[in-house]
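# Residue-level structure breakdown
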Amino acid sequence: MRKSVFLVGALAFFSGLPAGDAWGESMEGKVQAILDKHYQTYRNDEFFSAIQLSTKAGNGEIKTYVVGTKSHAPNSPPIDAKNLFQIGSITKSFTSVLLLQAEAEDKVNLGDDFTTYLPEYDRWNGVTITQLLNMTSGLPNYSDSPTVNYGFVQSPERIWQDKELVDVVYPQVNLPAPPLNTGYAYTNTAYTLGGLILEKVSGQSYAELIDEKILQPLQLNNTFYPIPSYPPVILARMVEGNNFNPYTNPELTGKSVDNSNLSWAGPAGGLVANTEDIVNWVRALFIEDELLTPQQKAKLTQVVSLATGQPIPGTNAEEPRGFGLGVVQGFDEDWGQYWFYQGETLGHRSFYLYFPCNEVIISALFNSAVNDQNNNVKPLLTGVYQALLDDQPNLACQSK
C-alpha cells in the first residue's frame with residue numbers, strides 16, 4: 001500500500017462467459033507447474049519464501065495452489081491454503097464499500113466536503129469524500145513522510161493512531177497551507193480520513209464496522225483486521241514478511257519485518273487474508289448483489305483518468321488505466337477491460353485480477369515487498385490466465 005500500487009505496464013486481460021467448472025485435473029497440474037517455475041525463477045531476486053494463488057472461473061469452485069515455506073528459516077514448515085498474508089491496499093476497497101453503505105443508510109453523502117464530518121481538518125476544505133476515494137483529493141501521502149518511515153525502522157513495535165498519521169502531513173496552523181496536488185495523486189492519507197469519517201458517523205470503530213458489515217455477512221472467515229496488534233491465533237497462521245526494497249526502505253532491505261505491526265496501515269491497508277478470501281471478496285464486489293446496490297456499484301466503478309484525474313466512461317487504448325473507489329480498471333487492445341489491484345506493505349504483496357467478460361478471478365500473495373523494477377508478478381498472472389484460455393477456448397473474450 002506504500003505508494004502507487006499498480007501493476008507496471010498494461011497487463012493483457014479480457015472478455016466472454018464460462019461454462020461450469022473450468023478446472024480439470026490437467027489444468028490444475030499446469031497451474032501448479034507455472035507457480036513452481038515462477039518460485040524457482042524469482043524467489044532469490046525478490047526475496048520471498050512463499051506464494052499462494054487462487055483461481056475461479058464463473059460458478060466453478062475456487063482452486064488454491066501454494067509453493068514454499070512460511071519463512072526463510074531452515075526447516076521452516078511449508079505453507080498451505082489457510083496461511084495468511086498482509087493484503088495492503090486491497091483494504092481500500094473495503095473502506096470504500098463501508099462508505100458507500102453508509103451513504104445508502106443516509107449517514108454520509110459522498111459528494112459532501114469531507115470536513116463537514118471532520119471539521120478539525122478544515123485547512124483541507126473543498127475536498128469531497130468521493131475525491132478522497134478516487135485519489136483526486138490532492139492530499140499528501142503520510143507513508144511518504146520521513147517521520148513515518150523513520151518510525152518503521154527505529155520503533156517497529158509502535159502503535160500508530162489514525163489521527164497521528166494524518167497529523168504528520170496536516171499543515172501546521174502557524175504556517176501557510178501548501179497547495180494541494182491537482183488531478184490524480186495516490187495517497188494513503190485519504191483512506192485514513194475515510195476510516196475516521198466512518199467512525200464519526202457510526203459511533204463504532206473501523207474494526208467493528210468491517211467485521212459487522214462485511215466479514216461476517218460474506219463469511220470471509222480468513223480475513224482479519226489485526227489492529228492494534230496480532231492476536232496469537234492469527235499470528236500463528238501468518239507467513240513471515242520480508243523487505244527487499246532498497247529504494248524506499250534501505251534500512252529494512254533483506255530483513256524480516258514480522259515484528260512490525262499494521263497500525264500504520266489502518267483503513268488504507270491493514271487487512272490480512274488468504275487468496276481464497278480475496279477471490280470471494282472480488283466476486284462480492286463486482287458480480288454478486290449482496291454487498292452493494294446497482295447504484296452503489298456504479299459509483300464504485302466510475303473511474304478517473306490517471307493522467308488528468310477527470311472522470312472517464314471507461315478505459316481504452318488512449319486511457320489504459322482508471323481509478324475508481326478503491327478499485328482499478330485496465331484495458332488491453334486484445335482482450336478489452338479488466339479490473340485489478342496490487343497492494344504492498346513493508347513485507348508482503350497482494351494481487352487480484354478480474355475479467356468481467358468471463359468472470360475469471362485470479363489472486364496471488366507473496367511474502368516480500370520489492371521495488372517496481374524487481375516486481376515480476378506479470379508473467380505468473382498472465383501465464384495462469386493464458387493456461388486457462390488454452391485449456392478452455394470458450395473463455396476467450398472478444399474485444400472487437
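One can find the structure itself at the top, above this paragraph.
In this text the structure is predicted, and so the values were computed from the model without any measurement.

### Here we look at the sheet that holds strand β5 (residues 255-256)
The strand order β5-β4-β14 describes an open sheet built from 3 strands, whose pairing is mixed. Looking at strand neighbours, the two that pair on one side only are β5 and β14 (369-370), the edges of this open sheet. Strand direction decides the pairing type here: strand β4 (residues 242-244) and β5, joined by 2 bridges, are antiparallel. When the sheet's bridge partners are listed, Asn-242 is paired in β5 with Ser-256.

### A look at the state of the cysteines
Applying the stated criterion across every chain, the model contains 1 disulfide. The disulfide partner of Cys-357 is Cys-397, and the gap between their sulfur atoms is 1.8 Å. Looking along the S-S bond of the Cys-357-Cys-397 disulfide, the torsion reads about 65°, which is the right-handed sense. A residue pair is termed long-range when its members are at least 10 positions apart, and Cys-357 in the loop between β12 (349-355) and β13 (360-366) and Cys-397 in the segment after α12 (377-391) qualify at 40 residues.

### Some details on the pattern of salt bridges
All chains considered together, the criterion is met by 12 salt bridges. The residue Glu-103 makes a salt bridge to Lys-299 at a minimum N-O spacing of 2.8 Å. Remark: Lys-299 occurs in helix α11 (residues 294-301) and Glu-103 occurs in helix α2 (residues 91-104); sequence separation between them is 196 residues. Judged by relative accessible area, which is 40%, Lys-299 ranks as partly exposed. We note a salt bridge from Arg-158 to Glu-164, for which the minimum N-O separation is 2.9 Å. Shared partners join several salt bridges into a network, and the residues in it are Glu-28, Glu-61 and Lys-63.

### With respect to the packing of aromatic side chains
Considering all chains together, one arrives at 17 aromatic pairs under this definition. The ring of Tyr-191 is capped by Lys-92, whose NZ or CZ atom sits 5.7 Å from the centre of that ring. The positively charged end of Arg-158 is found above the aromatic ring belonging to Trp-160, 3.6 Å away from the centroid.

### Observations regarding α11
For α11, every residue scored as buried is listed here: Gln-296, Lys-297 and Leu-300. Viewed along the axis of α11, the buried residues span an arc of 100°, placing them on a single side of the element. Exposed residues lying more than 90 degrees from the buried face of α11 are Pro-294 and Gln-295. Where α11 is buried, its residues touch α2 and α10 (275-286).

### Quick notes on the sheet that holds strand β9 (residues 321-323)
In a beta sheet, neighbouring strands are held together by backbone hydrogen bonds and run either parallel or antiparallel to one another. Ordered in space as β2-β1-β13-β12-β11-β10-β9-β7-β8, the 9 strands form an open sheet in which the pairing is antiparallel. With partners counted over all chains shown, the strands left at the sheet margins are β2 (63-68) and β8 (311-312), one partner each. Strand direction decides the pairing type here: strand β7 (residues 303-305) and β9, joined by 2 bridges, are antiparallel. For Val-304, the partnering residue across the bridge sits in β9 and is Phe-323. Sitting on the sheet, α10 touches β1 (50-57), β2, β11 (336-344), β12 and β13, and the angle it makes with β13 is about 140°.

### Details of the pairing of β2
With 6 bridges connecting them, β1 and β2 associate as antiparallel partners. Bridge pairing in β2 links Ser-54 to Thr-64. Connecting the antiparallel pair β1 and β2 is a turn made up of 5 residues, with Gly-58 showing a positive phi of about 55°.

### Thoughts on the side chain of Asn-371
Structurally, Asn-371 is set in the loop between β14 and α12. For Asn-371, a relative accessible area of 5% puts it in the buried group. Within polar-contact distance, the side chain of Asn-371 engages the side chain of Gln-373 at 2.7 Å.

### Some thoughts on the nonpolar core
Ranked by size, the top nonpolar core spans 120 residues in total, and within it Phe-94, Phe-114, Leu-193, Ile-214 and Trp-281 carry the most contacts. No other element matches the 8 residues that α12 contributes to this core. Residues contacting Trp-281, with those up to four places away along its chain left out, are Ile-90, Ser-93, Phe-94, Val-97, Ile-214, Leu-218, Leu-220 and Leu-291.

### Quick notes on the environment of Glu-251
Position of Glu-251 relative to the elements: it lies in the loop between β4 and β5. Look at Glu-251 and you get partly exposed, because its relative accessible area is 45%. A C-alpha to C-alpha distance of 9.5 Å links Glu-251 and Tyr-150, two positions 101 residues apart in sequence.

### Topic: unusual backbone geometry
Omega for the peptide link from Ile-227 to Pro-228 comes to 20°, which places this bond in the cis form. Its location among the elements puts Pro-228 in the loop between α7 (206-215) and α8 (232-235). Positive phi is not limited to glycine here, since Gln-219 has a value of about 55°. Judged by relative accessible area, Gln-219 falls into the exposed class, the value being 59%. With a phi close to 55°, Glu-359 is a non-glycine residue in the positive phi region. Tracing the sequence through the fold places Glu-359 in the loop between β12 and β13. Exposure remark for Glu-359: the relative accessible area of 19% places this residue in the buried category.

Calculation rules
Residues numbered from 1 in each chain as written. Predicted model: local features only at pLDDT ≥ 70, side-chain atom pairs only at ≥ 80, totals over all residues. Heavy atoms only, no water. Pairing = 2+ DSSP bridges. Helix = DSSP H or I, 4+ residues; strand = E, 2+ residues; numbered from the N terminus. Disulfide = S-S within 2.5 Å. Salt bridge = Lys/Arg side-chain N within 4 Å of Asp/Glu carboxyl O. Buried < 20%, exposed > 50% of the residue type's maximum accessible area, 1.4 Å probe, protein only. Phe/Tyr/Trp six-rings, centres within 6.5 Å; stacked < 30°, edge-to-face > 60°. Lys NZ or Arg CZ within 6 Å of the ring centre and 35° of its normal. Arc of directions from axis to C-beta. Contact = heavy atoms within 4.5 Å. Axes fitted to C-alpha atoms, helices over the stretch in contact; angles between N-to-C directions. Polar contact = N/O pair within 3.5 Å; in protein donor to acceptor, adjacent residues only side chain to side chain. Core = buried A, V, L, I, M, F, W, Y, C linked by side-chain atoms within 4.5 Å.

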